[in-house]
Every structure is written in structure tokens, then in C-alpha cells.
Amino acid sequence: MNAVSKKKVLYVCRLFNGLETSIRTKEWKPTGVPTIYKMIEELNSSDLYDLNLLVTSKNNQPDWESGLINKMEIFGLKSMVTVLSSFSSRYGKVGTIAQELFHIAYIVLKVLFGRYDILYIDNANIFSAAVVARIRLTSVLFRVMGVYPAMRNAISGRRISDFVLRYCYKSPFSAVVCTQDGSGVEPWLDTAINKNTKIYTLINGVDYYKCTKSEKDDLCNKYDIPKDKFLVLYIGKMEKIKGIYEFIEGFSIANNNLQGRAHAIVIGCGNQYNYIEEKMNNNTSITLIDRVPHYDICKFHDVSDIYISPNRLANLTNANLEAMKAGNCIVIPRSQSETFVDVITDKLLDDTAVYRIPFPPTCINISRAIRTLFHSPKKRKLLSKNVVSQSSKFISSWKNRINNELQIIARTLDESNKNF
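## Quick look at the overall build of the protein chain
What the protein chain contains, in helices and strands, is 16 helices and 14 strands. Each of the three principal axes of the protein chain carries a C-alpha extent, and together these read 65 × 50 × 40 Å. Here the protein chain holds 420 residues, and 55% of them are scored as buried. Residue pairs in contact within the protein chain that sit at least 24 positions apart in sequence constitute 70% of those at least 6 positions apart. Just so you have it, the protein chain exposes about 18,900 Å², and 53% of that area is on carbon and sulfur atoms. Within the protein chain, the 40 negative side-chain charges are centred at a point lying 4 Å from the centre of the 55 positive side-chain charges.

## Digging into the sheet that holds strand β1 (residues 7–14)
Strand order in this open sheet of eight strands is β3-β4-β2-β1-β5-β6-β7-β8, and the pairing throughout is mixed. The open sheet terminates on both sides in strands that have one partner only, identified here as β3 (69–72) and β8 (198–202). The sheet shows a mean angle of 20 degrees between the axes of neighbouring strands, direction not considered. Bridge count for strand β2 (residues 49–56) against strand β4 (residues 81–84) is four bridges, and the pairing is parallel. Residue pairing across strands places Leu-53 opposite Val-81, the latter belonging to β4. Contacting β5 (118–122) and β6 (139–144), helix α4 (residues 126–134) crosses the sheet at an angle of about 155 degrees to β6.

## Brief notes about the environment of Met-39
Relative to the elements of secondary structure, Met-39 occurs in helix α2 (residues 34–45). Residue Met-39 is classed as buried on the basis of its relative accessible area, which comes to 0%. For Met-39, the contacting residues outside a window of four places in its chain are Tyr-11, Pro-34, Tyr-120, Ile-402, Glu-405, Leu-406 and Ile-409.

## Brief notes about the packing of aromatic side chains
Inspection of the entire model under this criterion finds seven aromatic pairs. Ring geometry for Phe-142 against Phe-173: centres 4.7 Å apart, planes inclined by 20 degrees, an arrangement best described as stacked. With Phe-142 in strand β6 and Phe-173 in the loop between α6 (160–169) and β7 (175–179), the pair connects residues that are 31 residues apart, well separated along the chain. Measuring from ring centre to ring centre gives 5.1 Å for Phe-230 and Phe-374, while their planes differ by 80 degrees; the resulting arrangement is edge-to-face.

## Some details on the sheet that holds strand β9 (residues 230–235)
If you trace the six strands from one edge of the open sheet to the other, you get β11-β10-β9-β12-β13-β14, paired in parallel fashion. The sheet is open, and its two borders are formed by β11 (286–289) and β14 (355–357), each paired with just one other strand. Geometrically, the sheet is characterised by an average inter-axis angle of 20 degrees between neighbouring strands, direction not taken into account. Both strand β13 (residues 329–333) and β14 contribute to a ladder of three bridges, which runs parallel. Bridge pairing in β14 places Val-331 opposite Tyr-355. Running over the sheet, helix α15 (residues 377–391) touches β9, β12 (306–308), β13 and β14 and is turned about 80 degrees from β13.

## Considering a nonpolar patch on the surface
Taken together, the side chains of Leu-109, Leu-112 and Phe-113 present a nonpolar region at the surface, about 340 Å² in accessible area. Among the secondary structure elements, Leu-112 is positioned in helix α3 (residues 92–114). Residue Leu-112 is classed as partly exposed on the basis of its relative accessible area of 45%.

## Quick word on α6
Along α6, the residues that are buried comprise Asp-162, Leu-165, Arg-166, Cys-168 and Tyr-169. What you see down the axis of α6 is that its buried residues fit within an arc of 160 degrees, all on one side. Exposed residues lying more than 90 degrees from the buried face of α6 are Ile-160 and Tyr-167. Residues of α6 that are buried in the fold lie against α4, β6, α5 (149–156) and α7 (185–192).

## Considering the pattern of salt bridges
Inspection of every chain in the model, using the stated rule, returns 16 salt bridges. Close ionic contact of Lys-213 with Asp-217 constitutes a salt bridge, the shortest N to O distance being 2.9 Å. Of this pair, Lys-213 and Asp-217 both sit in helix α8 (residues 213–223), separated by four residues, roughly a single helical turn. Note that Arg-356 and Asp-351 form a salt bridge whose closest N and O atoms lie 2.7 Å from each other. Judged by its relative accessible area of 44%, Asp-351 is partly exposed. Three or more residues are tied together by salt bridges with common partners; here these are Arg-334, Asp-346, Asp-351 and Arg-356.

## Comments concerning the environment of Gly-327
On the secondary structure map, Gly-327 appears in the loop between α12 (318–326) and β13. Taking the relative accessible area as the measure of exposure, Gly-327 reaches 12% and is therefore buried. On a C-alpha basis, the gap between Gly-327 and Ile-344 in space is 20 Å, while along the polypeptide they are 17 residues apart.

Cut-offs and rules
Residues numbered from 1 in each chain as written. Predicted model: local features only at pLDDT ≥ 70, side-chain atom pairs only at ≥ 80, totals over all residues. Heavy atoms only, no water. Helix = DSSP H or I, 4+ residues; strand = E, 2+ residues; numbered from the N terminus. Buried < 20%, exposed > 50% of the residue type's maximum accessible area, 1.4 Å probe, protein only. Contact = heavy atoms within 4.5 Å. Areas by Shrake-Rupley, 256 points an atom, 1.4 Å probe, with all protein chains shown as cover. Lys, Arg positive; Asp, Glu negative; His and termini not counted. Charge placed at Lys NZ, Arg CZ, Asp CG, Glu CD. Pairing = 2+ DSSP bridges. Axes fitted to C-alpha atoms, helices over the stretch in contact; angles between N-to-C directions. Phe/Tyr/Trp six-rings, centres within 6.5 Å; stacked < 30°, edge-to-face > 60°. Patch = residues over 30% accessible without salt bridge, like charges linked within 9 Å, V, L, I, M, F, W, Y side chains within 5 Å. Salt bridge = Lys/Arg side-chain N within 4 Å of Asp/Glu carboxyl O. Arc of directions from axis to C-beta.

So, in C-alpha cells, the structure goes:
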């Protein structure tokens, strides 16, 4: 298929933490969000699609406040990348409204004059997605990366912003692709999305390989990780809702009880990183790492004895799926029936595959889990074996996962051609 007949795709997503390094260095080396970057890579290299990538920075990213429109080439991508900057949070609500109006105007005009066959756009840009869908400029594939409390509250809230969001979610999107991350997506999708819109829920993929002893030794040497300690791993955003403070406090309590025989590896970045870094100053029992190449994640699982996810929002996340595929001994909180969070996780993984602690995941419960598993090597081994067996039934490779989404894009284009 020649370039003239390629389908033009405008891919719009917010500036995820895992993409910031690539944008800043102008070299394509994503450190997270494989759901996003693997689809970008596939569309970028495809003979069927002509990709145009647009990234929007939001208010919590002050490094990207200068210059409204930044166009750049990134080594490793054929597509020119456009970054729409955020306005400083010091302007408050007025700044936020102005920022969103600017993003909407730019995206709508780009769709209008770019003659794109499809707009692939994420939930952070819901207002732009709704405008394009409602005035039917082109087909819109709306991408939802799980359901969060603010999205859930908008369905029943009485604020003006809630009414606006409900109106946007009911827009006539061509299709909705939602990540099944355990966040209780089913009831939200049933209520929020237009009944005539096709909805697809997909569990993310995992590419895992077993590391060699030399690779593990190199990793430990690189990050100064002790090889003679019980290693407890945390991977996730440094945010309060993800339970980072409970993890650190719980680990500290357990390690004191174990006479310092444990060591924690904490990987992630986010709005609490600086506070955590300050809190961990001179703490030799915790290795804090902000970003690592994604291909190193397997190595961290292979050197760790247990992996703990105190996430209150969902536990079929990328990080947790990778832990399952690696056969790590996993600790997660129990499901929340009132919000449907992790109800699907319960169906996919029973208590012989993961070690569950009461919700909410307090530091005391985390401490008890660490101590229990430290003294129970046979239990750790059984949990590891069973999580590999059970998760293999629903975790595919990233190649299969991305192919599924490409088929959805192709199907959406075929159906939209009949309507436009």
C-alpha cells in the first residue's frame, strides 16, 4: 500500500510521565505507559497508517508551561510531534479553562484542516473528543485508561463540571476502547457512554523474559541493591492514592521487626516524589529510583522476593500484570464491592495466586504481609507458581494486545466510512 492510500491518524494523548524523557531529550525512549507508547510505535511503523502525534500538557506539569505550541522531531519516530503546553496553575480555574479552550481550539482546527480519517484521543482530552464527535468532523476513537474516582463522581455529581462531563461522555463516539485494569470499568461504561457507541475492554499485554544471573548481578550493582536481604518491590506512581506512604511506613515497621533483614526497592515518579526522596534521605534500607528503561522491569521482578501493590484504584495495572507474568509473589488489597474495584481481579485470580490484605491497605496490614511472607518461603513459592498459571489465561503478549486494538481501529474506520 503506497503512502497516498494510507489512513491518516491524529493520535492525541496527554503528556504522560513515561513520555516526558522522550520529549525532553528528543529521543524516543519511553519509560512507562506501554499501552500508549506501543500503539504509537505500531502506528508510526505501519504501512497502513500515516501517524500525526499530538501531546497535551496539563496543569500539573509546570516544566511544560513555556511556549504554547512546540513542534519537534524525535529520533526514533517518523511522525512530527506537537506538544501543547499547559498554563501555570497559579492562574487557578481561569487558567485551567483558558488552557482547555486553547487545546480544544487547536485540536478541532487540526482535525478540520488535516483531513484525518480518524481521531484517536484519550480521556485527558475528553472536551476536544466530544466537540469533534458531536460536530462529526471525523470518526473518533475515544481511549479510556481505566476509571478513576473523579470520573465515577461525575456520573452522579451535581456540579456544573459534572453535567458537562456527562454530556461529553455521551457524545456519539465511533468507538470506545477501555483498559480493563480492575478499576471497576464495567458499571461506569454502562452508565456513562452513549448506548449506540461500541465499547471494547482490553487487558494489557506483557512481554517477559527470564533474566540471566549476570544480568541480575549487574542490576544490583548498578543500583546498589543488597543481594543478601529480603527484597520487597514497589512499582508505581508516587501518589497518595497509590499507597506509597503506607508502603514505606509498612516496610519500615516490618524491617524493624526483622532486625534489618529486608530491603525495599521503590520505582516510580509523580507528585509526591520530592517528598518521598526527602523522607528517604539517609535511609539505607530503601532504594529509590525515579525512572528505569522499561526492559529493566523484568530484572527487578527477578531479583525481588515479593511485590506489593497498595493501589486503592485498581490492581490489573501494567505494573501488576508484569509482576504476575514474572511469577513474583504478589500482595494486593481486597476488592471493593461498592465501587466494583478489583471485582474482576477476584474472578481472574483466587487467593492461592495472590496474597490479599484488607482494604484499605494500611501500613499495619502491609507490615504483617511482609513479615508473614518473609517467614513463609513455601507459601511464596506456591503463590508464585499459581499466579503464573492463572494469569496466563488472560495475559497475552503485547504483540497480540496491540493487534487487537489495530483491528478495532480498522473496524471503526470501515464502519465510519459508511456513515461519513
